[in-house]
Amino acid sequence: MALFDATSSPTGKSYMTTEQRVALVTGGAGGIGREITRGLLAHGYIVYLTSRHADTAERAAARLTAETSAGTPLPSVLDVTEEESLVGLIERVAQRHGRLDVLVNNAGVYLEAPHRQPASPTLAQEQSVAMVRESLETNLLGAYRLTQLAAPLMQRHRFGRVVNVSSGSGQLADMGGGDVGYRLSKAALNALTRVFAAELADSGILVNALCPGWVQSDVGGPAAPRTPAEGADTAIWLATLPDDGPTGGFFRHRAPIAW
Ligand SMILES: NC(=O)c1ccc[n+]([C@@H]2O[C@H](COP(=O)([O-])OP(=O)(O)OC[C@H]3O[C@@H](n4cnc5c(N)ncnc54)[C@H](OP(=O)(O)O)[C@@H]3O)[C@@H](O)[C@H]2O)c1
């Protein structure tokens, strides 16, 4: 059952609707997320730039504002593993704008990354269930819950774009060993993409997943060949698809790839 209906926010309050399109990017203060935020600002969206830390969100928003003439993102605190945080932010978006047009589920952790300290086991035989659970909580369940909360706001206007920033590490067609928590979380995020795309078919809401390639960031590490802006390109494209755009797809470099 939806947490709130088409005319009220999660706490049941009524709200006004603004005309400008509204986007929310999780993990928007750094890496690929910051570049997705920059791209959506350039497309004319009101963009919620979120981080787990208020000062990080505010600094990133100030920096983007100084670097671009496209507008000012709205810095917001969001931890996708915290129910109160998720409900609170959607509530504020509903109250302030009465709409949410784009949700980019970009927040993610790669706990088995080779450049991460302290190093974590990566093999399925060695990795702890606690670490796998932490990967699933952020990379899968955070996106699940936020999409659940966002969908009614999108359905209100029969318009929405849900973009799940996944990874080739979650591709079943190319599944290998190692990085077990990360692989499981991204494979499940891909499955979630198909489930929501099927359930929201014919509602004006397009739901897609992408692999950004190997990108310099905290997740990708310093040796990656692609810039965050290059990594953000396909996500921005999916977030701004026309009404007859694809849904239920998995993309890299704006082209479909195997699941
Ligand atoms: N870089 C690559 O090569 C690569 C390849 C394939 C897929 N990806 C995916 O791309 C996405 C973005 O990663 P990135 O490369 O840009 O790395 P990044 O700079 O580390 O970005 C990850 C973001 O996730 C946020 N985050 C982590 N846990 C969170 C939580 N519990 N709640 C809310 N936000 C949380 C962090 O935000 P705060 O610390 O500010 O809260 C951080 O900004 C991830 O989903 C990643 O798996 C990256």
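Asks: Got a sec to walk through the confidence of the model for the protein? Specific residues and values, please.
Replies: Any segment with low pLDDT has predicted coordinates that should not be analysed in fine detail. For the protein, per-residue confidence averages 94 on the pLDDT scale, and residues scoring 70 or more make up 94% of the total. Scored below 50 in pLDDT, residues 1-7 makes 18 contacts in the model with residues more than four places away or belonging to other chains.

Asks: Can you tell me about the sheet that holds strand β5 (residues 160-165), naming the residues and giving the values?
Replies: Pairing in this open sheet of eight strands is mixed, and the strands run β3-β2-β1-β4-β5-β6-β7-β8 from one edge to the other. Each of the sheet's edge strands pairs with one partner strand only, and the pair in question is β3 (74-77) and β8 (255-256). Of the strand pairs in this sheet, strand β6 (residues 205-210) and strand β7 (residues 250-252) are connected by two bridges, and their pairing is parallel. Within β7, the residue paired with A209 across the bridge is F250. Sheet contacts for helix α5 (residues 180-199): β5, β6 and β7; angle to β6, the most-contacted strand, approximately 160°. Across the sheet, helix α6 (residues 228-239) touches β4 (102-105), β5, β6 and β7, and the angle it forms with β6 is around 165°.

Asks: Break down the site of the ligand for me, citing the residues and quoting the values.
Replies: Lining the immediate environment of the ligand, one finds 27 residues, of which S51, R52, Y182, V215 and S217 sit closest. In the model, an oxygen atom of the ligand is placed 2.8 Å from a nitrogen or oxygen of the I32 main chain. Contact with the protein chains hides 92% of the accessible area of the ligand, taken as 870 Å² for the molecule alone. Those elements that provide at least two residues to the shell around the ligand are α1 (31-42) and α5.

Asks: Lay out the nonpolar core with the relevant residues and their values.
Replies: Among the nonpolar cores identified, the biggest contains 31 residues, and L24, Y48, I90, V93 and L100 are the most heavily contacted of them. Only β1 (22-25), β2 (46-51), α3 (83-97), α4 (129-156), α5 and β6 provide two or more residues apiece to this core.

Asks: So what's going on with α3? Residues and values would help.
Replies: Relative to the 21 Å expected for 15 residues at 1.5 Å per residue, α3 spans 21 Å between its end C-alpha atoms, a close match to the ideal helical length. Taken together, the buried positions of α3 are S85, L86, V87, L89, I90, E91, V93, A94 and H97. In this fold, the buried residues of α3 make contact with β1, β2, β3 and α4. Following α3 by one or two positions, G98 adopts a phi angle in the positive range, close to 70°.

Asks: Mind laying out unusual backbone geometry, listing which residues take part and the relevant values?
Replies: Cis geometry marks the peptide bond from Q117 to P118; its omega dihedral reads -5°. Topologically, P118 is positioned in the loop between β4 and α4. Despite not being glycine, R158 has its phi angle at roughly 50°, a positive value. Phi is positive for H253, close to 50°, though the residue is something other than glycine. Mapping H253 onto the fold places it in the loop between β7 and β8.

Asks: How would you summarise the packing of aromatic side chains if you had to cite specific residues and measurements?
Replies: Under the definition given, this model contains four aromatic pairs. Stacked on the ring of F159, the Lys or Arg R21 has its end atom at 3.6 Å from the ring centre.

Asks: Pulling in residues and values, what's your account of the pattern of salt bridges?
Replies: Across all of its chains, the model carries nine salt bridges by this definition. The partner of D101 in a salt bridge is R21, with the nearest N and O atoms 3.7 Å apart. Residue D101 is found in the loop between α3 and β4, and its partner R21 is found in the segment before β1; the two are separated by 80 residues along the sequence. Note on D101: relative accessible area 0%, which makes it buried. Note that R38 and E35 form a salt bridge whose closest N and O atoms lie 2.8 Å from each other.

Asks: Tell me about the packing of α4 against α5, and name the residues and values.
Replies: Packing of α4 against α5 brings their axes to within 7 Å, and their N-to-C directions diverge by 15°. By the angle between their axes, α4 is roughly parallel relative to α5. The handedness of the crossing between α4 and α5 is right-handed. The residues of α5 that touch α4, namely those facing V132, S135, L136, N139, L140, A143, Y144, T147 and Q148, are V180, G181, Y182, L184, S185, K186, A188, L189, L192 and F196. Partitioned by chemical class, the residues of the contact of α4 with α5 number 12 nonpolar, six polar and one charged.

Asks: Account for α4, naming residues and giving values.
Replies: With 28 residues, α4 extends 39 Å from end C-alpha to end C-alpha; this agrees with the ideal 40 Å at 1.5 Å per step. At L141, α4 is deflected by roughly 40°, the largest bend along its length. Downstream of α4 by a residue or two, R158 has a phi angle that is positive, lying close to 50°.

The rules behind the values
Residues numbered from 1 in each chain as written. Predicted model: local features only at pLDDT ≥ 70, side-chain atom pairs only at ≥ 80, totals over all residues. Heavy atoms only, no water. pLDDT = per-residue confidence, 0-100. Contact = heavy atoms within 4.5 Å. Pairing = 2+ DSSP bridges. Helix = DSSP H or I, 4+ residues; strand = E, 2+ residues; numbered from the N terminus. Axes fitted to C-alpha atoms, helices over the stretch in contact; angles between N-to-C directions. Near = heavy atom within 4 Å. Polar contact = N/O pair within 3.5 Å; in protein donor to acceptor, adjacent residues only side chain to side chain. Areas by Shrake-Rupley, 256 points an atom, 1.4 Å probe, with all protein chains shown as cover. Core = buried A, V, L, I, M, F, W, Y, C linked by side-chain atoms within 4.5 Å. Buried < 20%, exposed > 50% of the residue type's maximum accessible area, 1.4 Å probe, protein only. Expected span 1.5 Å × (residues − 1). Phe/Tyr/Trp six-rings, centres within 6.5 Å; stacked < 30°, edge-to-face > 60°. Lys NZ or Arg CZ within 6 Å of the ring centre and 35° of its normal. Salt bridge = Lys/Arg side-chain N within 4 Å of Asp/Glu carboxyl O. Parallel < 35°, antiparallel > 145°, perpendicular 65-115°, else oblique. Left-handed = near helix turned anticlockwise from the far one by under 90°. Nonpolar A, V, L, I, M, F, W, Y, C, P; charged D, E, K, R; others polar. Bend = angle between axes of the 7 residues up to and from the residue.

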